[in-house]
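# Close look at the chain arrangement
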Amino acid sequence: MKKTTLSVIAKQANLSIASVSRVLKKPHLTSVTTQSKVYRAIEELKIDISCNLKPHSHFNKSNRILVLDNQFTPYTLINYGLEQALRQAGFTVFYFRFPCQSKTDIHHLIQFINQNTFAGILVINDAPYLSELEQFKKALPPIVLINHFSRNFSCVYFDHLMIGYQITQYLLENAHQKIAILMNDNNKICSTLFLQGYQQALLRANIEFNPHYLVEHCISYEHGRAAVKKLINSNNPPSAVICGDNSSLSYPEKNYHNLQCHLSDYHVVLGALHQAHESQAQLVRPLTITYVGHASARQYNELDKLSRINKPLYKMGQDSANLLCQHIDNAIKNVKSYHIIEAEPRFY
């Protein structure tokens, strides 16, 4: 950063140029108040400082891990898995929910990280600030993304295309040709890939994709009920329904703020089941419902009777934490590592 730029920030923050330089290069030698003044000035001036921060030191002796948790459903099996692995490795976990509203908000996150020395960072699910966070990578400790794929970070994720294909193929093998699918957010990459897997399975079975069997924006219990009711009352009702998965939804996304579906991971499938039972008299044979689960453990309700494909979120949390530990120990030369967690079919 040129001296003139430092002087502009110093003038805006009412500090010395040396103080601004220390905040950007050696934040551990500055106070929280001074850092706040500098970052507020940078935000007001709309200056990009990503190339001027001091590179992260790999000799960091901190035992603290920052978890940026963007899950719509708070504290899932991912959290249990990563906490178990990190504590076993001697780390302490700190959670932070960061609802980024604008690009300049990233400065608040960088400031928080600089004020609190962390050995590594885990980011659960997609977030609007990831593209901005990438610009600061060299000045930050190792970062691993969980349950979201990105070419720019190390990440641990599911192959949603294969999951969509496998669950549809199972229904096709059981004499179902009219298969509907309930999706959540069609703008998410994971949802797009899941739908592609569903369509590929139909294509290989020489079955034309019926757009009327695709119901989008199914997130809540009420959505599941309404979708199944509409499908059953249509001129060409399906014989089977696939219920999508909400584990990839992120709480910063404004579309979901008013939906009270954080109490259960299976609201959509439970709503679909309710309506299927209620409309049973209209059906020639019972409607087959299958879904995406998150654990092989029994639910002790009607979900135990349904076929499903499990996404082992606990294992994902463990593997993500172990991958981060390898980065911290410099055991991985490639800073971008991609690891796919295999789904576990539970088909009856």
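Going by the structure above, here's the rest.
Remember, predicted model here, so these are calculated numbers, not experimental data.

Here the focus is the sheet that holds strand β5 (residues 154–158). Where strands meet in a sheet, backbone hydrogen bonds hold them as pairs that are either parallel or antiparallel. Strand order in this open sheet of six strands is β2-β1-β3-β4-β5-β11, and the pairing throughout is parallel. The two strands at the open ends of the sheet, each matched to only one other strand, are β2 (92–96) and β11 (338–341). For this sheet, the mean inter-axis angle between neighbouring strands, taken without regard to orientation, is 20°. Looking at chain direction, strand β1 (residues 64–69) and β2 are connected through five bridges and run parallel. What sits directly across from valine 67, in β2, is tyrosine 95. Sheet contacts for helix α4 (residues 77–88): β1, β2, β3 (120–124) and β4 (143–146); angle to β2, the most-contacted strand, approximately 145°. Strands in contact with helix α11 (residues 313–328) are β1, β3, β4, β5 and β11; relative to β5, the strand with the most contacts, it is inclined by about 165°.

Let us look at the packing of helix α3 (residues 32–45) against helix α5 (residues 106–115). It is the contact of α3 with α5, at a shortest axis distance of 10 Å, that shows an interaxial angle of 160°. Viewed along their axes, α3 and α5 adopt a mutual orientation that is roughly antiparallel. As α3 packs across α5, the resulting crossing turns out to be right-handed. Between α3 and α5, the residues in contact are Val32, Gln35, Ser36, Tyr39, Ile42 and Glu43 and His107, His108, Ile110, Gln111, Asn114 and Gln115, respectively.

With that settled, consider the packing of aromatic side chains. For the structure on display, the rule yields twelve aromatic pairs. Where phenylalanine 96 meets phenylalanine 112, the ring centres are 4.4 Å apart and the plane angle is 20°; that geometry is what we call stacked. With phenylalanine 96 in strand β2 and phenylalanine 112 in helix α5, the pair connects residues that are 16 residues apart, well separated along the chain. Given the relative accessible area of 22%, phenylalanine 96 is considered partly exposed. An aromatic cluster is defined as three or more aromatic residues linked by ring pairs; in this entry it consists of Phe94, Phe96, Phe98, Phe112, Phe118 and Tyr129. In this structure, arginine 64 packs its charged tip against the face of phenylalanine 94, placed 5.2 Å from the ring centre.

Attention now moves to the pairing of strand β9 (residues 288–293). Counting buried positions along β9 gives five out of six residues, so the element sits mostly inside the fold. Looking at chain direction, strand β8 (residues 240–243) and β9 are connected through four bridges and run parallel. Counterpart to isoleucine 242 in the pairing with β9 is threonine 290. The sheet contact formed by β9 and strand β10 (residues 308–310) spans three bridges and is parallel. Bridge pairing links tyrosine 291 to arginine 308 in β10.

A word on unusual backbone geometry. Backbone geometry places asparagine 14, a non-glycine residue, at a positive phi of 60°. As for its position among the elements, asparagine 14 is in the loop between α1 (3–13) and α2 (17–25). In this model, asparagine 147 sits at a positive phi of 65°, which is unusual for a non-glycine residue. One can find asparagine 147 in the loop between β4 and β5.

Procedures and definitions
Residues numbered from 1 in each chain as written. Predicted model: local features only at pLDDT ≥ 70, side-chain atom pairs only at ≥ 80, totals over all residues. Heavy atoms only, no water. Pairing = 2+ DSSP bridges. Helix = DSSP H or I, 4+ residues; strand = E, 2+ residues; numbered from the N terminus. Axes fitted to C-alpha atoms, helices over the stretch in contact; angles between N-to-C directions. Contact = heavy atoms within 4.5 Å. Parallel < 35°, antiparallel > 145°, perpendicular 65-115°, else oblique. Left-handed = near helix turned anticlockwise from the far one by under 90°. Phe/Tyr/Trp six-rings, centres within 6.5 Å; stacked < 30°, edge-to-face > 60°. Buried < 20%, exposed > 50% of the residue type's maximum accessible area, 1.4 Å probe, protein only. Lys NZ or Arg CZ within 6 Å of the ring centre and 35° of its normal.

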